[in-house]
Amino acid sequence: MKRGIHMSQVLMGVTLKNLRKERNLTLKALAQQTGVSISFLSQVERGKSSVTLESLKKIADALSVNPSVFFAADGIQDALTIRREPFYFKDLSNGVKDASFSPILVTLQPGENEGNAFSHSGHEFLFVVKGLLTVEIDGEQLQLLEQESILFNARKTHYWFNHTEHIVQFLVVSSNN
């Protein structure tokens, strides 16, 4: 059974297409800059595919924008939460688009332990709100308990995992330079 298209996916696609066109970039050029396929970018623009935080960060970097611009378009509240199995991303920027950092609340479902480590410019701060978060930075894994945090250079390859049977919720604050 096909999953329905969420309003947030459609809004993200429209925002992506508008930003790409404002910068006179073809899908091919953006694909080359991000390492994301042309067909995937096209599907995202048409609201047919959701995007991981990894891909979103690469796209935002290539377009020189704060990732939060993809979360809230036209002030529609539904766009503030991107709902995607097995992740939930909630933008916490209150619509501020020119901040030097972007705060996002991430909820990882139990057993969410697949993903490819990635890197981007700036620094990243993680704070665990709920659960036990496994973080991999430059191939080294560490575990953060509730109320624990870490700050690291985001140019180091990194990713987060939930190896538990409970939801993990954490705050990600990424600087944009």
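This text follows the structure it describes.
Residues numbered from 1 in each chain as written. Predicted model: local features only at pLDDT ≥ 70, side-chain atom pairs only at ≥ 80, totals over all residues. Heavy atoms only, no water.

1. Things to note about the environment of Glu 136
As for its position among the elements, Glu 136 is in strand S5 (residues 133-137). In the structure, Glu 136 is positioned 23 residues away from Tyr 159 in sequence and 5.4 Å away in space, judged by C-alpha atoms. Ignoring any residue separated from it by four or fewer positions in sequence, one finds Glu 136 in contact with Ala 117, Gln 141, Thr 157, His 158, Tyr 159 and Phe 161. Of note is the side chain of Glu 136, whose polar atom sits 3.3 Å from the side chain of Gln 141. (Helix = DSSP H or I, 4+ residues; strand = E, 2+ residues; numbered from the N terminus. Contact = heavy atoms within 4.5 Å. Polar contact = N/O pair within 3.5 Å; in protein donor to acceptor, adjacent residues only side chain to side chain.)

2. Some words on the sheet that holds strand S6 (residues 140-144)
The strand order across the open sheet built from three strands is S6-S5-S8, with neighbouring strands paired in antiparallel fashion. Only two strands of the sheet have a single neighbouring strand rather than two, namely S6 and strand S8 (158-161). Between one strand axis and the next, the sheet turns by 25 degrees as a mean value, whatever way the strands run. Relative to S6, S5 is paired through five bridges, and the arrangement is antiparallel. Counterpart to Thr 134 in the pairing with S6 is Gln 143. (Pairing = 2+ DSSP bridges. Axes fitted to C-alpha atoms, helices over the stretch in contact; angles between N-to-C directions.)

3. Overview of the packing of helix H2 (residues 27-34) against helix H3 (residues 38-45)
Where H2 meets H3, the axes come as close as 9 Å, and the angle between the chain directions of the two elements is 115 degrees. Overall, the two elements H2 and H3 adopt an arrangement that is roughly perpendicular. Crossing of H2 over H3 shows right-handed handedness. The residues of H3 that touch H2, namely those facing Leu 27, Lys 28, Leu 30, Ala 31 and Thr 34, are Ile 38, Leu 41, Ser 42 and Glu 45. Of the residues belonging to the contact of H2 with H3, the class tally is five nonpolar, two polar and two charged. (Parallel < 35°, antiparallel > 145°, perpendicular 65-115°, else oblique. Left-handed = near helix turned anticlockwise from the far one by under 90°. Nonpolar A, V, L, I, M, F, W, Y, C, P; charged D, E, K, R; others polar.)

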